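# Chains, contacts and geometry: an overview
For reference, the chains in residue letters:
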Amino acid sequence: LPALDAEVAVDEGTPLEDMTAEANVARPDPALVAGCTHQLEIGESGRALKCFEAALPQWPDDADLLFGAALSGLVYASELSVMITSAPAQFADPGDGYAETLPEGMSQNEYLAAEIHRIFMRLREHFVTAAGRLDRVAGRGVRFEVTACPIFLGLKPTLQARGVFDDGDVLLMGAIADAIIGVFDFLAGQDWDTEVLDLVNFVKDGLGDVDFQAIAGVLTHLLNSDERFLTLHPVDGATLFEDARVRFGAAGAKLEAAIARIRELGDGGKDVTWVEDVGATARLKFASVIRYADDGTTAEEVLSFELTQKVMAGFRNASESILTPGRRTTLHGGVFPVLAAMAVTASRSGMLSGMNLKLPIDIGAFEIGALSDLLGGLVPNVLAFDWGTFFGKPAGLRPWLPEWTDGAGPLKDRFLTEWECPDDLDADGYPSGALGLLCGDGATLSDAAHFAGESFATEPDGIASALPVFAFGDPTLGGLLYVDLAGEPGSDEAGAYLPADATTLNAALGRLVSGILPLLPK
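Criteria and thresholds
Residues numbered from 1 in each chain as written. Predicted model: local features only at pLDDT ≥ 70, side-chain atom pairs only at ≥ 80, totals over all residues. Heavy atoms only, no water. Helix = DSSP H or I, 4+ residues; strand = E, 2+ residues; numbered from the N terminus. Expected span 1.5 Å × (residues − 1). Buried < 20%, exposed > 50% of the residue type's maximum accessible area, 1.4 Å probe, protein only. Core = buried A, V, L, I, M, F, W, Y, C linked by side-chain atoms within 4.5 Å. Contact = heavy atoms within 4.5 Å. pLDDT = per-residue confidence, 0-100. Disulfide = S-S within 2.5 Å. Pairing = 2+ DSSP bridges. Axes fitted to C-alpha atoms, helices over the stretch in contact; angles between N-to-C directions.

### As for helix α11 (residues 309-323)
- Under the 1.5 Å per step criterion, the end-to-end length of α11 is 21 Å for 15 residues, consistent within 8% with the ideal 21 Å.
- All buried positions along α11 are accounted for by Val311, Met312, Gly314, Phe315, Asn317, Ala318, Ser319, Ser321 and Ile322.

### Focus on the nonpolar core
- Judged by nonpolar contacts, the single largest core of 118 residues is most densely connected at Phe67, Phe144 and Phe165.
- Leaving out residues up to four positions away in the same chain, phenylalanine 144 has contacts with Val33, Thr37, Phe52, Asp64, Phe67, Gly68, Leu71, Gly163, Val164 and Phe165.

### Observations regarding the confidence of the model for the protein
- The pLDDT averaged across the protein works out to 88; a share of 89% of its residues lies at or above 70.
- Long-range and interchain partners of residues 1-24, a stretch whose pLDDT sits below 50, account for 26 contacts in this model, where long-range means more than four residues apart.

### What to know about the state of the cysteines
- Following the criterion strictly, the structure yields two disulfides and no others.
- What pairs with cysteine 36 in a disulfide is cysteine 51, and their sulfur atoms sit 2.0 Å apart. Classification of the bridge connecting cysteine 36 and cysteine 51 rests on its S-S torsion, roughly -70 degrees, and on that basis the disulfide is left-handed. Residue cysteine 36 is found in helix α2 (residues 30-41), and its partner cysteine 51 is found in helix α3 (residues 45-55); the two are separated by 15 residues along the sequence.
- Judged by its relative accessible area of 0%, cysteine 36 is buried.
- Across the disulfide, cysteine 421 is cross-linked to cysteine 439 (sulfur-sulfur distance 2.0 Å). What sets the handedness of the cysteine 421 and cysteine 439 disulfide is the S-S torsion sign, and at about -85 degrees it is left-handed. Residue cysteine 421 is located in the loop between β8 (417-418) and β9 (469-470), and its partner cysteine 439 is located in the loop between β8 and β9; the two are separated by 18 residues in the primary sequence.

### Here's the deal with the sheet that holds strand β6 (residues 329-330)
- Here we have four strands laid out as an open sheet, ordered β6-β7-β10-β11, and antiparallel in their pairing. Among the strands making up the open sheet, the edge pair consists of β6 and β11 (498-499).
- Judged from the two bridges that link them, β6 and strand β7 (residues 383-385) form a sheet pairing that is antiparallel. Among the inter-strand pairings, threonine 330 is bridged to a residue of β7, identified as alanine 384.
- Against the sheet, helix α16 (residues 502-514) touches β7 and β10 (481-483), its axis set at about 80 degrees to β10.

Written out as structure tokens, the structure is:
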């Protein structure tokens, strides 16, 4: 892993004397750079990466080669990452004789868990290498032109970069790379040891027709099969979580610096990205996204993202919370703007369709700020998050989960849940509403205490809810969660939020979901 540094450094540029010295250093033949770039332009990102990397040992500090390798690496890694959505097929029954090929002392499931970890680490490594190369060319006056750079986030190219990449793009690409590395840090930081084939088959068969009882049965089966499942990875976990903290914390600052630099450099008519300011809103433009008509014809459109002051403040709030233990950011002030940006970007770029993910609404039709405000209108501002403290105490996802039973048998175990509609429950104790998760329409609801006599017992919270009440061993999720049931809408002021307890966390979850209940499938 690279050296970790909580401070976000933005290169101020190369001193004049260093630029003069650099100009006198032998440069690679322009035809060599053009040949590698051509591989990018015809959609061969892997070959382009190998081409640039083959030349780097001879010219290790050449800005064009470094940027070309970084760009190729990001495109190649992004395309590979989308391809992992078909990974379950790769873990099918390997057939007779496979057991003899396993490393000594390792079970098949342990081997497959190690393979999942290795895949995440290899994908992560591509982004880390690209990010390091971007850091090396930051502020060096990059001018890297492509006539086309197709990006395949699916079977067909979904994006087509055209024009000149400059210093602003270096920072923007660095912000994107850091955010993606943080996600892979989080995934690779988990221990995946369990009945892996059961997990793979469950995912491969699809989740469309299953309900809460089925999902809970499978997940508790996996948790009970191996006590290591979703704990911190024993070798890399702690280091990866710390790296995630730094990467996520740096991404927001790099994005803000990128917008400023792209704006400063202006639009020369050939830039891959440019900024248009409309009042206090910056519109980040990218050339371009590919649209496919029903008749198979294609068209390219400029991709545009509105970055309001409120959205940018949300990125700053999230970054500060991640880098500063004890600095809390609220659902409305720091979480929704970031989630909205990720969702809109994934939809408009074609990543969701490339991963065969279909949502009930077109997320890409919303601007980032509008989607964030919509979420804030539906969901009250009842939670605040201390990300710095959470990442400072690395743990896997297992401690985030409610308590569950152990011993009822495969697919019979369950999360400890109680509902406030006792007359609506079936013989297995599940309600008749949507997904077997909610009390049925018209069911009589009664606010009550739950899990009497247990350490995770809850008190009545004043609202009878159609949602389940969960038994949480640690309602703060490792110091992450704070609750204010009267949190001010749209605000990031978190001084009144208190550490979550069993009662307030369930009350907050009930209020979170109550606003979107009409959107859930029946």
